Amino acid sequence: MKKALLTVLFILPMLGIKAQEVKLPDHSANPTKPLTVALEQRRTIRNFETRPLDMQTISNLLWSAYGYNRPQEHKRTAPSARNVQEFDIYFFDFKGVWLYDAEHNSLKQVVGGDHRKEISSQTHFSVAPVSVVIVANYDRIGDMLGKDRDFYAAIDAGYVSQNIYLFCAASDLGTVACGAVDREGLNKLLGIKNGKVMLAHPVGYPKSK
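Calculation notes
Residues numbered from 1 in each chain as written. Predicted model: local features only at pLDDT ≥ 70, side-chain atom pairs only at ≥ 80, totals over all residues. Heavy atoms only, no water. Helix = DSSP H or I, 4+ residues; strand = E, 2+ residues; numbered from the N terminus. Buried < 20%, exposed > 50% of the residue type's maximum accessible area, 1.4 Å probe, protein only. Contact = heavy atoms within 4.5 Å. Areas by Shrake-Rupley, 256 points an atom, 1.4 Å probe, with all protein chains shown as cover. Pairing = 2+ DSSP bridges. Axes fitted to C-alpha atoms, helices over the stretch in contact; angles between N-to-C directions. Expected span 1.5 Å × (residues − 1). Polar contact = N/O pair within 3.5 Å; in protein donor to acceptor, adjacent residues only side chain to side chain. Patch = residues over 30% accessible without salt bridge, like charges linked within 9 Å, V, L, I, M, F, W, Y side chains within 5 Å. Salt bridge = Lys/Arg side-chain N within 4 Å of Asp/Glu carboxyl O. Core = buried A, V, L, I, M, F, W, Y, C linked by side-chain atoms within 4.5 Å.

A. Inspection of the overall build of the protein at higher detail. A count of helices and strands for the protein gives six helices and nine strands. Per-residue burial for the protein yields a buried fraction of 49% across its 209 residues. Within the protein, contacts between residues separated by at least 24 positions form 71% of all contacts whose residues are at least 6 apart in sequence. Counting only carbon and sulfur atoms, one obtains 53% of the accessible surface of the protein, whose full area is about 10900 Å².

What follows is the structure, given as C-alpha cells:
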C-alpha cells in the first residue's frame, strides 16, 4: 500500500497535478559493500544509463549525502564548521525539482517539470536520471563573512560531495562532482536570495562501454 501511494504521488506532476510533498521510505543502513571496497571503487563517472532509480535508492542517496544520523541531537552525516548545517539539498528528476527535508525524510516540490539540463551545459545532467545540487544557505552561517564564509562553505560542501561519491561506489552507481553549473539560472529557478550553488552531482547507473 505504501509503495503504491509513493508511485501515485510521483505520477501526479505528470498529470498536471502538483504534488507538494512526497514521503521517502526509511533509509537502509545495511551497506551493500564495506567502506574499504567503496573507497577502492570510488571514481568519477560521466556516462550514464537513463534507467530510473527506485525510491529506496533515492532515500539512501539523500540520507547518505546530508541526512540525520543522530536525529535526537540534530546531527548529520556530514560535518560543518560550528555545526551551522548551512546546506539546502535539491533533488532533480524528470518530474520536477524537490527540496530534501532530512528532518521529515521527505521531498518538497519546488517546481514541476524536467529541469535537469538547466543545471549545466554538460550533457550528462540531461541523461542521468537524477541530480543532487548542494546549495549553501548563507542565512545559516551567522557572523562568518566574506572569505571565511566562502572558505568554510567550500570545505563543508566537499564532505557532502564525498558522501555522495562513496554511496554511489557502494551501490554500483556513478556520479561526478561538477562546479561548472549555471549559478545565475539556478538562483532564479530555486529562488536563492542569500546563498550559493556549490556543487552538482548527476547520479545514475554507469553506461556500459
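B. Fine view of the sheet that holds strand β9 (residues 195-204). Taken in spatial order, the seven strands of this open sheet run β1-β6-β5-β4-β7-β9-β8, and their pairing is antiparallel. On the outer flanks of this sheet lie β1 (21-23) and β8 (174-175), each paired with one strand and no other. As judged from the eight bridges shared by strand β7 (residues 130-137) and β9, these two strands associate in the antiparallel manner. Bridged to Ile134 within β9 is Leu199. Packed onto the sheet, helix α3 (residues 55-66) meets β1, β4 (87-93), β5 (96-101), β6 (106-112), β7 and β9 and runs at close to 155° relative to β4. Against the sheet, helix α5 (residues 146-170) makes contact with β4, β7, β8 and β9, and its axis sits at roughly 10° relative to β9, the strand it touches most.

C. Quick peek at α3. A rise of 1.5 Å per residue sets the reference length of α3, with its twelve residues, at 16 Å; its end C-alpha atoms lie 17 Å apart and thus fit the reference within 8%. Counting buried positions along α3 yields ten of twelve residues, so the element is predominantly enclosed. When we look at burial in α3, the residues that qualify are Met55, Thr57, Ile58, Ser59, Asn60, Leu61, Leu62, Ser64, Ala65 and Tyr66. Its side-chain oxygen at 3.1 Å from the backbone nitrogen of Gln56, Asp54 defines the N-terminal cap of α3.

D. Main features of a nonpolar patch on the surface. Residues Phe151, Tyr152, Ile155 and Tyr159 make up a contiguous nonpolar surface patch of about 360 Å² in total accessible area. With respect to the helices, strands and loops of the structure, Tyr159 is situated in helix α5. Taking the relative accessible area as the measure of exposure, Tyr159 reaches 36% and is therefore partly exposed.

E. How the structure looks around the nonpolar core. Formed by 36 residues in total, the largest nonpolar core has its most connected members in Leu62, Phe87, Ile89, Ile134, Val160, Ile164 and Val203. Mapped by element, the contributors of at least two residues to this core are α3, β4, β5, β7, α5 and β9. Those residues in contact with Ile134, other than ones at most four positions away along the chain, are Phe87, Asp88, Ile89, Ala157, Val160, Ser161, Ile164, Lys196, Val197, Met198, Leu199 and His201. Counting residues in each nonpolar core, the second largest holds 17 residues, with Phe92, Val97, Leu186 and Ala200 among its members.

F. A look at the pattern of salt bridges. Summed over all chains, the structure comprises nine salt bridges. Across the salt bridge formed by Arg51 and Glu49, the nearest N and O atoms sit 3.2 Å from each other. Residue classification places Glu49 among the partly exposed positions, given a relative accessible area of 25%. Here Asp93 ties to Lys95 by a salt bridge, and the two come within 3.8 Å at their closest N and O atoms. No difference in accessibility class separates Asp93 from Lys95, as the two residues are buried.

G. Fine view of the environment of Ala102. Counting through the fold element by element, Ala102 comes out in the loop between β5 and β6. For the pair Ala102 and Trp63, spaced 39 residues apart in the sequence, the C-alpha separation amounts to 7.2 Å. Apart from the residues within four sequence positions on either side, Ala102 is in contact with Tyr66, Gly67, Tyr68 and Arg76.

H. Structural detail: the pairing of β4. Of all seven residues in β4, seven are buried, a share of seventy percent or more. Residues Phe87, Ile89, Phe91 and Asp93 point to one face of β4 and Asp88, Tyr90 and Phe92 to the other, with burial holding for every one of them. Across six bridges, β4 lies against β7 in antiparallel orientation. Following the sheet pairing, Phe87 is matched in β7 by Ala136.

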